[in-house]
Structures are given as C-alpha cells and as structure tokens.
Amino acid sequence: MSINGNETSTQQATGLPVLTRKDFQSDQEVKWCPGCGDYAILAQVQKIMPELGIPREKIAFISGIGCSSRFPYYMATYGFHGIHGRAPAIATGLKAARPDLSVWVVTGDGDGMSIGGNHFIHTMRRNIGLKILLFNNRIYGLTKGQASPTSELGKKTKSTPLGSLDRPFNPLSVAIGSDGTFVARTIDGEIAHMQHVIRKAAEHQGTAFVEIYQNCVVFNDEAFAYLTDKASKADRMLFLEHGKPLLFGKNKDKGIRMGANFSPEVVEVGEESGKVPLAEIAVHDESVANPSYSFMLSRMDYPDFPVPMGVLRAVRRPAYEEVLVAQAEKAKARYGGALADMDKLLQAGDTWTIGK
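Everything in this summary refers to the structure shown in the same document. Being a predicted model, the structure only gives us computed values, none of them experimental.

1. Focus: the pairing of strand 8 (residues 208-213)
- In terms of burial, strand 8 is a largely internal element, six of the six residues being buried.
- Both faces of strand 8 are covered, namely the face carrying Ala208, Val210 and Ile212 and the face carrying Phe209, Glu211 and Tyr213.
- Bridge count for strand 6 (residues 130-136) against strand 8 is six bridges, and the pairing is parallel. In the strand pairing of strand 8, Asn136 is matched with Tyr213.
- Pairing geometry for strand 7 (residues 182-187) and strand 8, over six bridges, is parallel.

2. A look at unusual backbone geometry
- Each neighbour pair has its own omega, and for Tyr302 with Pro303 the value is 15°, a cis peptide bond.
- One can find Pro303 in the loop between helix 11 (292-299) and strand 13 (307-314).
- Of note in the backbone geometry, Lys144 takes a positive phi value of approximately 80° without being a glycine.
- Mapped onto the secondary structure, Lys144 falls in the loop between strand 6 and helix 7 (171-177).
- Residue classification places Lys144 among the partly exposed residues on the basis of a relative accessible area of 44%.

3. Some thoughts on the pattern of salt bridges
- Taken as a whole, this structure holds 15 salt bridges when the rule is applied.
- Between Asp100 and Arg98 there is a salt bridge whose closest N-O contact spans 2.8 Å.
- On the basis of relative accessibility, which here comes to 37%, the residue Arg98 falls in the partly exposed class.
- Across the pair Arg316 and Glu322 runs a salt bridge whose closest N-O atoms are separated by 3.4 Å.
- Owing to a relative accessible area of 54%, Arg316 belongs among the exposed residues under this scheme.
- Since its relative accessible area comes to 35%, Glu322 is described here as partly exposed.

4. Concerning the sheet that holds strand 7
- In space, the eight strands of this open sheet follow the order 4-3-5-6-8-7-13-9, with mixed pairing throughout. Unpaired on one side and paired on the other, strand 4 (78-81) and strand 9 (237-239) mark the two borders of the sheet. For this sheet, the mean inter-axis angle between neighbouring strands, taken without regard to orientation, is 20°.
- Against the sheet, helix 6 (residues 117-126) makes contact with strand 6, strand 7 and strand 8, and its axis sits at roughly 140° relative to strand 6, the strand it touches most.

Reading guide: rules and limits
Residues numbered from 1 in each chain as written. Predicted model: local features only at pLDDT ≥ 70, side-chain atom pairs only at ≥ 80, totals over all residues. Heavy atoms only, no water. Buried < 20%, exposed > 50% of the residue type's maximum accessible area, 1.4 Å probe, protein only. Helix = DSSP H or I, 4+ residues; strand = E, 2+ residues; numbered from the N terminus. Pairing = 2+ DSSP bridges. Salt bridge = Lys/Arg side-chain N within 4 Å of Asp/Glu carboxyl O. Axes fitted to C-alpha atoms, helices over the stretch in contact; angles between N-to-C directions. Contact = heavy atoms within 4.5 Å.

Structure below.
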C-alpha cells in the first residue's frame, strides 16, 4: 500500500474523502492514568487508520474487560465493549457475518490470556481476518494490581504477596503454538516501530496478532525498564527484519547463530580472531511455513538473549471468512431454495419423524 502524505493510493482510486488522525478521535474523554502506555498505542492506531484507505463505517473495534478495553470509546468508528475474555468470539461472529469489515480486537494480558485464553487459541487456529492487539503490562491493572497470566515467576503482587508460583504465559508462543499466521511484538516506547508493526498487521489476510509491551505506571511501573533504558536497550532488543541477519547491539556487532539442536546462541560478530563471521549469523525469514523457527524466536528472552521485536511469523493461508463464504455458496448450489426456508433446510439431510 503506497502512502502519500495523509492520502493513500486506495483513497485516490476510489474517490473516498481524505481522512486524518483527527477523524478517528472520538468525542469521549480519554481516561487512563497519566503516563500510561495506552496513550501511545491509541495515538499510533489513530494515526495509522487514515492510511488504510478504509471508510470509518467499515471499521469496528471490539474489546473485553480491562484498562485496554476502553479503546472502542476513543475511536470514531463502530465498536463494541464486550464481556471479560469474549472479544475474540464477538469479533469472529461479526467478521463471519460481515467479511467486508475491518475488525480489530483490543485486549490485555489478563483479558486475553486468562478467561479469554480458550477463545484466543481458537481464533488463531481458525485464521479469521481479525487484527488482535494485546496490551501486555504483566499485571491486572483495572482491578488494582493482582498477578496476571504473564506476571513473572516469583512476582509479589496483591494476590501473590509471597511471590507468584505460576510460570507465566508467553503470548507469542501461545499464538504460534496455535498455528497463528501473523505473530508480532512491539513496545509502547518505540513509536516508529509500533507504527510499522501495526501497519503490517493491518495488511495481513487472516488473523494478525500483535503483542505490545505496555507500561502500567501505577501497579507495575518500569516492568520493561530493562528494554527502555537508552544506555542498554540496543543490547537487549533484537529488531527483526525479513531477509536480514539477526544482529543487535549499538554497533550491530552481536548476532544470533544457530547452535546444536536448533538452539540459538549469542555471538560476537566480526572477522577478528575469536569472533564469528557474518555469514554464520542466522537470517530472519518470517515466511517460513514450519512454525519451529518463529517459536524458537518467541522463547528468546532477557537476560540470556535479546528480546525479539517485530514480525516473527507472517505466512499466507486462506482466511476463515474466505472458506466460509465459499462453503455457503456451495451449499446454496446444492440445496437451492431450501436455504430460504428453514424447515426445508433442517429436513434436507438425514432426518426422520417419530410419531405424529
């Protein structure tokens, strides 16, 4: 999709009115805590929306319960504030009924990975054309600071005063393990990177999942300080670029090499003695059909490895709504007018009547 200022080639071709970020800002007062990472995410989504060339009436934002779930109120599009964990189910119904709509799901680590976990994995495996943004602050913020499914092992919270005994979910691993076709991660402090990743998600045909590391200034402040510190973040984040070697560090002098048993290892890159030549560094390929490679990336974490940021996996598979429409057309051809008569349709297969 080519971008020319605030106007896309799609808008030029269709004669649609040119929209701006302001057109996607609702009249509702944004109510998050001062300094919350949600503000940055909202601003970037509102900025990206006009570039997609989609009329506002063709866009819907669906949410569940949590601080992130206020999102639909702040977007001047259609929206639905659902119940806890059920946003993927609601959005699936909407996309199945209206494949022409651009449907977005906004959720959090508690809403999406706890009560909504089952809905999440089935949405990923179906590959219906939803764009899922999961705000991960590793805490239950709305309910005042309990441990969430992504809270670290041993984390002390109001619900785990002696330290959490639960091993945390890795949302990227859950998505890839569910055979998600687009899986990515970004962080609220990297504005340009966040824009890039969300644009890529918007362009994907099928379910696109983006985990966004998001700081909760009240109940889990500086949870990602190890990634946001200017002096060290270059050594702790690995920005993925399709077709390019896995390099990181301020001078791009560190890299990831594949060791024994498909295990990644951090090495110093260079031609000097004791260093590894660039030719031995793994090259990122987001289009690999086998999910093993992207799953391996999802397991890399600080302090043993730099944290991968960007698109881990982006593969093409027919979207659920595409095959659903095709199946419906086939059924129409098979049953003809029976589809217009529910009684006839219900009796069109293996049915029988008992008694009178």
